[in-house]
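Chain by chain, the residues run as shown.
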Amino acid sequence: MRFNREIKIGNYTISDSSSTFIVAEAGVNHNGDMTLAKKMIDTAVEAGVNAVKFQAFKADNLILKNVRKAPYQSVTTSSSETQYEMLKRLEITRVQTQELMQYCKEKNIMFLSTPFEKASLDELDEMGVSAFKVAATDLTNIQFLRQVAEKGRPIILSAGMCYQEEVRRALEAIYPINRDVVLLQCTANYPIRDTEANVNVIRTFRDAFDVLVGYSDHTQGVGASPFAVAVGAKVIEKHFTLDKNMEGPDHKASVTPEELKRLVTDIRRVEKYLGDGVKMPTCSEQMTRKSLQKCIVASRKICCGEQFTAENIVAKRTNGEGISAVYFDDTVGREAVRDYKVDEIIDIL
């Protein structure tokens, strides 16, 4: 398999050489309140991320009514309601989703959403979303993956809670239909311990599947995201909230507005550190190079026609004038075309 190494999402191109595409994951942290959801969009804009992402689901299509909450959900939400009841309370309608899309357009930030079942997938497709995020819960949902792929939009696929063989099967299902895929390493708990981040899986995915890679970050605070960028992540996704103390399954594991700003700042700084990978002197090094690197000079008097040898030439700092000492071996054995005094710069071969 070889997935596309340049993917266009809206007006943004993701590639091996692009800057990191940062997604602020609002998820269900709006608590079903559109005023709160719009404040979250404002926060994402202020932080400088590339996109803000919500979730689209119809609980009746997603889950049986007697399913237990995930362990982290039991800790962060009331034990008096089932997972179905919690999700039902956090649903947003098609009209509300359209309202959020329009608000994002007005604020000049990309709107993304995760569909969790086909009806929501179809609605988002009809609304014209730029790409589909597929949550870790659906990486093993082969039928749904094909349905997403058939929409022909870029796919950001989260690989939490799974084995590499399951990742391979998921990609093999998508590949014949759609090759615009970014694969995210993820540890699907909220929050995770530092030892569970395993950002090196990003390299494993890139090498094993020849695909653009990223990281869905569930570590605490700014956490692992800047380090994920350093090992090759081209997409970063991070949950955020306006208040960690709000009622809801994801608030406590999400970053604050201030932390979201710092995450963006730190990632952009890491990108500057990484550079373009081309080894050459920087602009600031050029004058230093002249002052500090050495060139070839005569170590004793050399007569015209005499051969240069390891005994009659030596490398010294010359303010950048003459033949670089890197060409010492090329100089030895050549004949001098004129006389040279001691310490005179060898400038002609």
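Above this note sits the structure.
Note that the structure is predicted; figures quoted are calculated from it, not measured. (Residues numbered from 1 in each chain as written. Predicted model: local features only at pLDDT ≥ 70, side-chain atom pairs only at ≥ 80, totals over all residues. Heavy atoms only, no water.)

1. A closer look at the nonpolar core
Part 1 of the reasoning: Ranked by internal contacts, the top residues of the largest apolar core, which has 66 residues, are V49, V52, L157, L183, Y215 and F240.
Part 2 of the reasoning: When residues in this core are grouped by element, the largest group, six residues, is from helix α1 (residues 34-47).
Part 3 of the reasoning: Ignoring any residue separated from it by four or fewer positions in sequence, one finds F240 in contact with A24, E25, A26, N29, M40, T43, A44, V52, S254, V255 and L260. (Core = buried A, V, L, I, M, F, W, Y, C linked by side-chain atoms within 4.5 Å. Buried < 20%, exposed > 50% of the residue type's maximum accessible area, 1.4 Å probe, protein only. Helix = DSSP H or I, 4+ residues; strand = E, 2+ residues; numbered from the N terminus. Contact = heavy atoms within 4.5 Å.)

2. Some words on the environment of K88
Part 1 of the reasoning: In this fold, K88 is placed in helix α4 (residues 83-90).
Part 2 of the reasoning: Of the residues examined, K88 reaches a relative accessible area of 36% and is grouped as partly exposed.
Part 3 of the reasoning: As for K88 and A59, which are separated by 29 residues in sequence, their C-alpha atoms are 5.4 Å apart.
Part 4 of the reasoning: Other than its neighbours up to four places away in sequence, K88 contacts A59 and D60.

3. With respect to the layout of surface pockets
Empty space left among the atoms is revealed by rolling a probe the size of a water molecule over them.
Part 1 of the reasoning: In this model, the largest pocket occupies a volume close to 690 Å³.
Part 2 of the reasoning: Together, 32 residues line the largest pocket, and Y72, F116, A135, T137 and Y190 are the ones closest to its centre.
Part 3 of the reasoning: Per-element tally for the lining of the largest pocket: the top contributor is α4, with three residues.
Part 4 of the reasoning: Tallied by class, the residues present in the lining of the largest pocket amount to 16 nonpolar, 10 polar and six charged. (1 Å grid on protein atoms, 1.4 Å probe; cavity = no way out; pocket = protein on both sides within 12 Å on 5 of 7 lines; lining within 4 Å. Points joined across faces, edges and corners; volume = space filled by probe spheres on them. Nonpolar A, V, L, I, M, F, W, Y, C, P; charged D, E, K, R; others polar.)

4. Let's talk about the packing of aromatic side chains
Part 1 of the reasoning: Under the criterion given, the structure shown has six aromatic pairs.
Part 2 of the reasoning: Their ring planes at 20° and their centres at 5.9 Å tell us that F54 and F111 sit as a pair that is stacked. Of this pair, F54 sits in strand β4 (residues 51-56) while F111 sits in strand β5 (residues 110-115), and the two are 57 residues apart along the sequence. In this pair, the class of F54 matches that of F111, namely buried. (Phe/Tyr/Trp six-rings, centres within 6.5 Å; stacked < 30°, edge-to-face > 60°.)

5. Observations regarding the pattern of salt bridges
Part 1 of the reasoning: Going through the model one piece at a time under the given rule, you end up with 28 salt bridges.
Part 2 of the reasoning: A salt bridge links D16 to R5, with the nearest nitrogen and oxygen atoms 3.0 Å apart. Linking D16 in the loop between β2 (12-15) and β3 (21-27) with R5 in the segment before β1 (6-9), this pair joins segments that are 11 residues apart in sequence.
Part 3 of the reasoning: Look at D16 and you get partly exposed, because its relative accessible area is 46%.
Part 4 of the reasoning: In this structure, K88 engages D60 in a salt bridge whose closest nitrogen and oxygen atoms are separated by 3.2 Å. Here the residue K88 occupies a position in helix α4, and D60 occupies one in helix α2 (residues 59-62), the gap between them amounting to 28 residues.
Part 5 of the reasoning: Connected via shared salt-bridge partners are K118, D122, D125, K151 and R153. (Salt bridge = Lys/Arg side-chain N within 4 Å of Asp/Glu carboxyl O.)

The values are spatial; any link to function lies outside them.
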